[in-house]
Amino acid sequence: MTSLVVANATPIETDVLIIGAGPAGLFQVFELGLLGIKAHVVDTLQHPGGQCAELYPDKPIYDIPALPVCGAQELVDRLMKQIEPMHPEFHFGEEVSELQRQDDGRFRLRTSAGTVFLAKTVVIAAGLGSFQPRRLGVEGCDALEDRQVHYKVKSAANFHGQRLVIFGGGDSALDWVIDLNGKAKSIVHVHRRNEFRAAPASVARMRELVAAGRMEYVEGIASAIRTEDGRLTGVTIKRTDGQMQGFEADHLLAFFGLHPKLGPIAEWGFELDKKAIKVDTAKFQTSVPGIFAIGDINTYPGKKKLILSGFHEAALAAFAIAEHLNPAKKVHLQYTTTSPIMQKRLGVSE
Ligand code: FAD
């Protein structure tokens, strides 16, 4: 851990830091790039796309201009392709947890991984908030989080030779049940109902392993945990037939998916309306000059939480950011069809 802090101790200086790599944050990169401004982008998720990628990647979207139908993940892939020439620097798997204004007018931001940024401007494109794992909701689990209660696997080797109880009916849960089988000392798989979101082949494999006596499967939910001297020793499952059943366990792994939570942004002092940040509609600037908010995270009269709205807001915010960074220089509107400088930035001309 020490090396991580040391490695990240030098702040990354940037003109713009974008919080959130959803569709709005990604298109912000593009609009800034057209004006010759580079950005760093931070997202709690390990990948770009925000709600599109996390909540409905396979669903079709029908209201993106000029694309009669576009898969949600496809839209993210297209945006990533479109912003390639702008060379954004991504920091995935990090939540921006602190934001402070400095005396020199810049903003100091810190992430959960210890990365520090000094940014001249900030764009909050945080959507409905940062995606967090749904937790077990059983008393005592919070204190054991990351030690014996886990919502993601950082190193599979930590679970070898251990007694595991794995919760969930999606692909993550099934993948780990199968992957850790034979490596863990024992595995109990717990899911609340007899329907799975995971791939049918994975469910079939899990059932084969149960039939072969290589693991147990229980339909139910966690009801309580047992601890000794602050260490987890077991878990009680309330089965769907109403029976209570206890299992010895060294680790609980729960994969219930992710949900967005406003998180630290709520504490940064912005004027909020129903968990959204108030902005003006000319610049999409917050009450703090130099901090902008676009996409689902903002609110103004008539706001509609649509991808289309985020795209429009990103375009206007880019012009406002250019003026903020260089107040003496007027930013003229140029067309990508005819502007040599924009075509150079797009990499389509010398
Ligand atoms: P998001 O997509 O929410 O992305 C925000 C990102 O910010 C997230 O990845 C989050 O992890 C990150 N973040 C937040 N806080 C932090 C922090 N502190 N540090 C680091 N990262 C942070 N819209 C349409 O226009 N058409 C549709 O057909 C449509 N269908 C939809 C279907 C479903 C099922 C859902 C749920 C939504 C749909 N929407 C649709 C809405 C659309 O997905 C949103 O309007 C859009 O995703 C908003 O984009 P965004 O970039 O503002 O935010």
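Residues numbered from 1 in each chain as written. Predicted model: local features only at pLDDT ≥ 70, side-chain atom pairs only at ≥ 80, totals over all residues. Heavy atoms only, no water.

Student: So what's going on with the overall build of the protein? Which residues, and what values?
Tutor: Within the protein, the regular secondary structure consists of 9 helices and 21 strands. Contacts spanning at least 24 positions in sequence make up 56% of the contacts within the protein whose residues lie at least 6 apart. As displayed, the protein offers around 17,800 Å² of accessible surface, 51% of which is attributable to carbon and sulfur atoms. Where the 39 positive side-chain charges of the protein centre and where its 40 negative ones centre are 1 Å apart. (Helix = DSSP H or I, 4+ residues; strand = E, 2+ residues; numbered from the N terminus. Contact = heavy atoms within 4.5 Å. Areas by Shrake-Rupley, 256 points an atom, 1.4 Å probe, with all protein chains shown as cover. Lys, Arg positive; Asp, Glu negative; His and termini not counted. Charge placed at Lys NZ, Arg CZ, Asp CG, Glu CD.)

Student: Quick one: what's the story with the packing of helix α2 (residues 23-34) against helix α4 (residues 72-83), residue by residue and with numbers?
Tutor: Packed helix pairs are specified by the crossing angle of their axes together with the interaxial distance, meaning the distance between the axes. Taken N-terminus to C-terminus, the directions of α2 and α4 make an angle of 20 degrees; their axes are 9 Å apart at the nearest point. Taken together, the axes of α2 and α4 are roughly parallel relative to one another. Remark: the crossing between α2 and α4 carries left-handed chirality. Contact residues: P23, L26, F27, V29 and F30 in α2; V76, L79, M80, Q82 and I83 in α4. Its residues placed into classes, the contact of α2 with α4 shows 9 nonpolar, 1 polar and no charged. (Axes fitted to C-alpha atoms, helices over the stretch in contact; angles between N-to-C directions. Parallel < 35°, antiparallel > 145°, perpendicular 65-115°, else oblique. Left-handed = near helix turned anticlockwise from the far one by under 90°. Nonpolar A, V, L, I, M, F, W, Y, C, P; charged D, E, K, R; others polar.)

Student: Quick rundown of the side chain of Q285? Include the residues and the values.
Tutor: Mapping Q285 onto the fold places it in the loop between β19 (276-278) and β20 (291-293). Looking at Q285, its side chain comes within polar contact range of the main-chain nitrogen of G290, at 2.9 Å. When neighbours within four sequence positions are excluded, Q285 is seen to be in contact with K278, V279, D280, G290, I291, F292 and H324. (Polar contact = N/O pair within 3.5 Å; in protein donor to acceptor, adjacent residues only side chain to side chain.)

Student: Can you explain the sheet that holds strand β11 (residues 163-167)? Please cite residues and give values.
Tutor: As summarised here, the arrangement of the 7 strands in space is β10-β16-β11-β12-β13-β14-β15, forming an open sheet in which the pairing is mixed. Either end of the sheet is taken by a strand with one partner, and the two such strands are β10 (149-150) and β15 (244-248). Sheet topology note: the strand β14 (residues 231-239)/β15 ladder contains 5 bridges and is antiparallel. Bridge assignment links I237 to a residue of β15, and that residue is Q245. (Pairing = 2+ DSSP bridges.)

Student: Explain the sheet that holds strand β21 (residues 298-299) to me, using residue names and the numbers behind them.
Tutor: Strand order in the open sheet formed by 3 strands is β18-β19-β21, and the pairing between neighbours is mixed. Edge strands, defined here as strands with exactly one partner in the open sheet, are β18 (272-273) and β21.

Student: Would you mind going over the site of the ligand in detail, with residue names and values included?
Tutor: In the vicinity of the ligand, 31 residues are found, and the nearest of them are D43, Q51, Y56, D63 and V96. In this structure, Q51 approaches the ligand through a side-chain N or O atom, which is 2.8 Å from an oxygen atom. Between the ligand and Y56, the relevant distance is 2.5 Å, taken from an oxygen atom to a side-chain nitrogen or oxygen of the residue. Look at the ligand: alone it shows 990 Å² of surface, and the protein chains cover 86% of it. (Near = heavy atom within 4 Å.)

Student: Talk me through α2; I want residue IDs and the actual numbers.
Tutor: Three or four residues apart is the spacing at which side chains of an α-helix point the same way, because the helix has 3.6 residues per turn. In a regular helix each residue adds 1.5 Å, so 12 residues correspond to 16 Å; α2 covers 17 Å between its end C-alpha atoms and thus fits that length. Judged by how many residues are buried, α2 sits mostly within the fold: 12 of 12 residues are covered. Residues of α2 that are buried include every one of P23, A24, G25, L26, F27, Q28, V29, F30, E31, L32, G33 and L34, and no others. The first or second residue beyond α2 is G36, which carries a positive phi of 80 degrees. (Expected span 1.5 Å × (residues − 1). Buried < 20%, exposed > 50% of the residue type's maximum accessible area, 1.4 Å probe, protein only.)

Student: An account of the environment of A276 is needed here, citing residue identities and associated values.
Tutor: One can find A276 in strand β19. We classify A276 as buried; its relative accessible area is 4%. Here the alpha-carbon distance between A276 and G129, two residues 147 residues apart in the chain, equals 9.6 Å. The contact partners of A276, leaving out residues within four places of it in the chain, are E271, I297, N298 and T299.

Student: Describe the layout of surface pockets, naming the residues involved and giving the relevant values.
Tutor: Reported here for the largest pocket is a volume of approximately 1,600 Å³. Lining the largest pocket are 43 residues, and of these L45, P133, Y151, K152 and L258 lie nearest its centre. Looking at the lining of the largest pocket, the elements with two or more residues in it are α1 (2-7), α3 (50-55), β9 (130-133) and α6 (171-180). Looking at which element gives the most residues to the lining of the largest pocket, the answer is α6, with 4 residues. Of the residues contributing to the lining of the largest pocket, the split by class is 20 nonpolar, 10 polar and 13 charged. Its boundaries defined by the atoms lining it, the second largest pocket holds a volume of some 510 Å³. Lining the second largest pocket are 37 residues, and of these G22, Q51, A126, G127 and L128 lie nearest its centre. Those elements that provide at least two residues to the lining of the second largest pocket are α2, β2 (39-43), α3, β9 and α8 (307-325). (1 Å grid on protein atoms, 1.4 Å probe; cavity = no way out; pocket = protein on both sides within 12 Å on 5 of 7 lines; lining within 4 Å. Points joined across faces, edges and corners; volume = space filled by probe spheres on them.)

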